[in-house]
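Structure at a glance
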Protein chains: 2
Amino acid sequence: MKEELIRFPAKDRHISARTILDASDRIRPVIERTRIITNTFLNELWDCEVYVKCEQEQPIGAFKLRGASNFTLQLESVESKSGIVTHSSGNHAQAVAYMAHQLNIPSHVIMPKNANKRKVEAAKKWGAQITFCEPTIESRIETADAVVKKTGGVLIPPFDHEWIVAGQATCALEILEDQPEMEMIFAPLGGGGLLAGSALSAKYFSPNTTVIGTEPEQAQDGFQGLSTGKKVESFVPNTIADGLRTPVGQIPFDILKNLVSDVWLTSEKEIIDWMYRIWTELKLVIEPTSAVPFAAINSQKEKVKGKKIAIIITGGNVDFTQLPGPNET
Amino acid sequence: MKEELIRFPAKDRHISARTILDASDRIRPVIERTRIITNTFLNELWDCEVYVKCEQEQPIGAFKLRGASNFTLQLESVESKSGIVTHSSGNHAQAVAYMAHQLNIPSHVIMPKNANKRKVEAAKKWGAQITFCEPTIESRIETADAVVKKTGGVLIPPFDHEWIVAGQATCALEILEDQPEMEMIFAPLGGGGLLAGSALSAKYFSPNTTVIGTEPEQAQDGFQGLSTGKKVESFVPNTIADGLRTPVGQIPFDILKNLVSDVWLTSEKEIIDWMYRIWTELKLVIEPTSAVPFAAINSQKEKVKGKKIAIIITGGNVDFTQLPGPNET
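Residues numbered from 1 in each chain as written. Chains lettered and ligands numbered in written order. Predicted model: local features only at pLDDT ≥ 70, side-chain atom pairs only at ≥ 80, totals over all residues. Heavy atoms only, no water.

Before going further, it helps to examine the overall build of chain A. Counting its secondary structure elements, chain A contains 13 helices and 10 strands. Computed over the C-alpha atoms, the radius of gyration of chain A is 18 Å, within 12% of the 20 Å expected from 2.2 N^0.38 for a compact globule of 329 residues. Based on the C-alpha atoms only, the size of chain A along its principal axes is roughly 55 × 45 × 40 Å. The buried share among the 329 residues of chain A stands at 63%. Long-range contacts, defined here as pairs at least 24 residues apart, represent 75% of the contacts in chain A between residues at least 6 apart. About 12,700 Å² of surface is accessible on chain A, with carbon and sulfur atoms providing 48% of the total. Charged side chains of chain A number 35 positive and 40 negative; the gap between the two group centres comes to 3 Å. (Helix = DSSP H or I, 4+ residues; strand = E, 2+ residues; numbered from the N terminus. Rg over C-alpha atoms; globule rule 2.2 N^0.38 Å. Buried < 20%, exposed > 50% of the residue type's maximum accessible area, 1.4 Å probe, protein only. Contact = heavy atoms within 4.5 Å. Areas by Shrake-Rupley, 256 points an atom, 1.4 Å probe, with all protein chains shown as cover. Lys, Arg positive; Asp, Glu negative; His and termini not counted. Charge placed at Lys NZ, Arg CZ, Asp CG, Glu CD.)

Okay, structure coming up:
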């Protein structure tokens, strides 16, 4: 059974509306149904109706628990003492460690050596064994494979799997349930699990809702890939948005190619400015990755004027020791 | 009429249960009924049941709107073009400016020249005319008197007035309504409006609830005054908690002397550490002042063990340009 799971059996590849609704039921006991808040500052600045989905309020401080729990709770072998394994720039690592802690099984996490220290500490807090690797996707996968071989654990992929995408899709599902007639949903684009899941939820549950990706200019592999229809295989990202340093996965890319036409870009300076602006105006701690959609929308605000839009705050795990000041960009 | 109001007519001096309930009704259209949240991290760390009242979610980012609105909405002369005047280290300034903006009247605010820049900007945003003064209570009162004389505006005192105390009392009233059988309520002690109001609400609506003040060691005029029963008239505070640099007012002091027996102190290092800890664990932006009760409780956590306690987060207006890093203390 475990072997099959690792190979992603073909029968499970299609993510239907039912798949997403089942995921939502499955993970309900584990995740928080996070708040959707409105804010006068944003509404007035952009002259539109803005709804902010607060995924930084998940127990691990990020949406990643949705996919990780949807995957882990489908494993028939979780009782296994060999545990679960993953590679992650940070928030998915915490999600996997948290799930292992809940299920009382071991977890092994491979993180790039430049990972956000706060995220490393948090994964450790939930009992994960950490292995550091080079900050490339090749090194991450290679190291993870070695750890899987050594421990016999099950790999929980960070984004490139249908169960992960279906789990992340539950976030947009909640937005559409709580706020019908949403016109646009914005999310950051890193590995693509959240954006692909959001696009699927919109397609099934609110076909008139447009889903738009947002990316740092300096990590625009998703933008380039979706512009040309051909996934970018090699890109060296250089962004403070540590959650978006991963390339888009194949499964999310194939979904996004059909469902998402727009990726909006933004600069590093705007990302930092907007992180501090959201801290100031909304009193919410968001991480740089979560500032990306706000920054990207702000430079194209004429396109959201008069509309009802949702923005997903993906996480709030900030390493305060390694942050540029508000005036340093 | 205006003259009378400025002189605080004797007939209004008693703050009864009815006074507080009336204040609550009066200010309901203006203020936010803020959330009370629980958090696993705090519950486990202190082995008790912690409820956090989120006053940083008020429209001005602090509880001060309660007192300022309760005062302003009782003025019969607010239609007056001469407007309202106050002196404040920051959050009350914003509250008065916000009320003036809502009522479409002018506001004049006297702030110490070392005031948190973010709070100055926010008061300006609501249209306040700012006058800077020396960072002493004498200079603040003197400058405010001069502005009142010049403009004919009505002074809205920052804490030393029954209407202000009654307004601030509505915060603890909400805590006690939402979470009955609360055993302890913690709040910072600066001018004393919030703490005195909380003590009155506990006395009237939940007599078994103990109200405890918290103060920086380096601004411990309240602690010293309540220890000796004699208000400290001269103290030079030196704390990052800019909301607590004011001396306790006479009216709050007289209330506190009867109702509050304990003020817990904490160090500057603990205040900074706890501000970052709350940002990290609760994903809420709180200002240094709001970290004071958390820091103070942490060093006496055996006293809260097993209890149901509430902590008031007073505000979230942080000047990010002037903040020590998490490791700089």
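Don't stop here, the text continues.
With that settled, consider helix α5 (residues 91-103) of chain A. All names here are of chain A. Here α5 is 13 residues long and its end C-alpha atoms lie 18 Å apart, about the 18 Å a rise of 1.5 Å per residue gives. Burial within α5 is extensive, with 10 of its 13 residues counted as buried. N91, H92, A93, Q94, A95, V96, A97, Y98, M99 and A100 are the residues of α5 that are buried. Contacts made by the buried residues of α5 are with α4 (65-72), β3 (84-87), β4 (107-112), α6 (117-125) and α8 (162-178). (Expected span 1.5 Å × (residues − 1).)

Right, let's get into the nonpolar core. A general feature of soluble globular proteins is that nonpolar side chains tend to end up buried together. One finds W46, W279 and F294 of chain A together with W46, W279 and F294 of chain B to be the most contacted residues of the largest nonpolar core, which totals 76 residues. Ignoring any residue separated from it by four or fewer positions in sequence, one finds F294 of chain B in contact with L42, W46, V52, W274, I278, I286, I311 and I313 of chain B. (Core = buried A, V, L, I, M, F, W, Y, C linked by side-chain atoms within 4.5 Å.)

So, on to the sheet that holds strand β5 (residues 129-133) of chain B. Residues and elements named next belong to chain B. Here four strands make up an open sheet; going across it, the order is β5-β4-β3-β6 and the pairing parallel. Of all the strands in the sheet, the pair left with one neighbour each is β5 and β6 (154-155). Pairing of strand β4 (residues 107-112) with β5, which is carried by five bridges, proceeds in the parallel orientation. Bridge pairing links V109 to I130 in β5. Contacting β3 (84-87) and β4, helix α5 (residues 91-103) crosses the sheet at an angle of about 170° to β3. (Pairing = 2+ DSSP bridges. Axes fitted to C-alpha atoms, helices over the stretch in contact; angles between N-to-C directions.)

With that settled, the discussion passes to helix α11 (residues 250-259) of chain B. Listed in full, the buried residues belonging to α11 of chain B are I251, P252, F253, I255 and L256 of chain B. Tucked into the core, α11 of chain B has its buried residues touching α8 (162-178), α9 (193-205) and α10 (221-228) of chain B.

Each partner contributes residues to the interface: chain A has 19 residues there, and chain B has 19 residues. Where chain A abuts chain B, roughly 1,600 Å² becomes buried across the two surfaces, and 60% of that area is made up of carbon and sulfur atoms. Summed over the three residues of chain A that lose the most area to chain B, namely K283, V285 and F320 of chain A, the buried surface amounts to 38% of that side. At the boundary of chain A with chain B, the tally comes to two salt bridges. In this structure, K125 of chain B and E281 of chain A form a salt bridge, with 3.9 Å as the shortest nitrogen-oxygen distance. Remark: the boundary between chain A and chain B carries six residue pairs in polar contact (both at pLDDT 80 or more). (Buried area = accessible area lost by both parts, 1.4 Å probe. Salt bridge = Lys/Arg side-chain N within 4 Å of Asp/Glu carboxyl O. Polar contact = N/O pair within 3.5 Å; in protein donor to acceptor, adjacent residues only side chain to side chain.)

Before going further, it helps to examine the packing of aromatic side chains. The final tally for this structure, using the stated rule, is 23 aromatic pairs over all chains. Here Y276 of chain A and W279 of chain A contribute two aromatic rings whose centre-to-centre distance is 5.0 Å and whose plane-to-plane angle is 65°, an arrangement assigned as edge-to-face. In this pair, Y276 of chain A and W279 of chain A are both assigned in helix α12 (residues 268-282), three residues apart and thus about one turn of the helix distant. Judged by relative accessible area, W279 of chain A falls into the buried class, the value being 1%. Of the aromatic side chains, those joined through ring pairs into one cluster are Y276, W279 and F320 of chain A together with Y276, W279 and F320 of chain B. Sitting over the face of the ring of W274 of chain A, R277 of chain A holds its NZ or CZ atom 4.8 Å from the ring centroid. (Phe/Tyr/Trp six-rings, centres within 6.5 Å; stacked < 30°, edge-to-face > 60°. Lys NZ or Arg CZ within 6 Å of the ring centre and 35° of its normal.)

All names here are of chain A. Helix α9 (residues 193-205) packs onto α8 with a crossing angle of 50° between their chain directions and a minimal axis gap of 7 Å. Comparing the axis directions of α8 and α9 gives the class oblique. For the element pair α8 and α9, the recorded crossing hand is right-handed. Between α8 and α9, the contacting residues are V165, Q168, A169, C171, A172, L173 and L176 on the first element and G193, L194, A196, G197, S198, L200, S201, A202 and F205 on the second. (Parallel < 35°, antiparallel > 145°, perpendicular 65-115°, else oblique. Left-handed = near helix turned anticlockwise from the far one by under 90°.)

The next thing to look at is the pattern of salt bridges. Counted by the stated rule, this structure contains 30 salt bridges over all chains. Where K119 of chain B meets D242 of chain B, a salt bridge forms, and the shortest distance between an N and an O atom there is 2.7 Å. A residue pair is termed long-range when its members are at least 10 positions apart, and K119 of chain B in helix α6 (residues 117-125) and D242 of chain B in the loop between α10 and α11 qualify at 123 residues. Residue K119 of chain B is classed as buried on the basis of its relative accessible area of 0%. Three or more residues joined by partner-sharing salt bridges are found here, namely K53, E55, R66 and E174 of chain A.

A few words on the relation of the copies chain A and chain B. Rotating chain A by 180° and moving it 0.0 Å along the rotation axis overlays it on chain B with an RMSD of 0.0 Å. The relationship between the two copies is best expressed as a two-fold rotation axis. When each C-alpha of chain A is compared by its distance to the rotation axis, L284 of chain A comes out closest, at 2.5 Å. (Least-squares fit on C-alpha atoms with pLDDT ≥ 70 in both.)

Another point: the pairing of strand β10 (residues 308-313) of chain B. Residue and element names in this part refer to chain B. With six of six residues buried, β10 lies mostly within the body of the structure. The side-chain alternation of β10 yields two buried faces, one formed by K308, A310 and I312 and the other by I309, I311 and I313. Where strand β2 (residues 49-54) and β10 come together, six bridges link them in parallel fashion. When the sheet's bridge partners are listed, Y51 is paired in β10 with A310.

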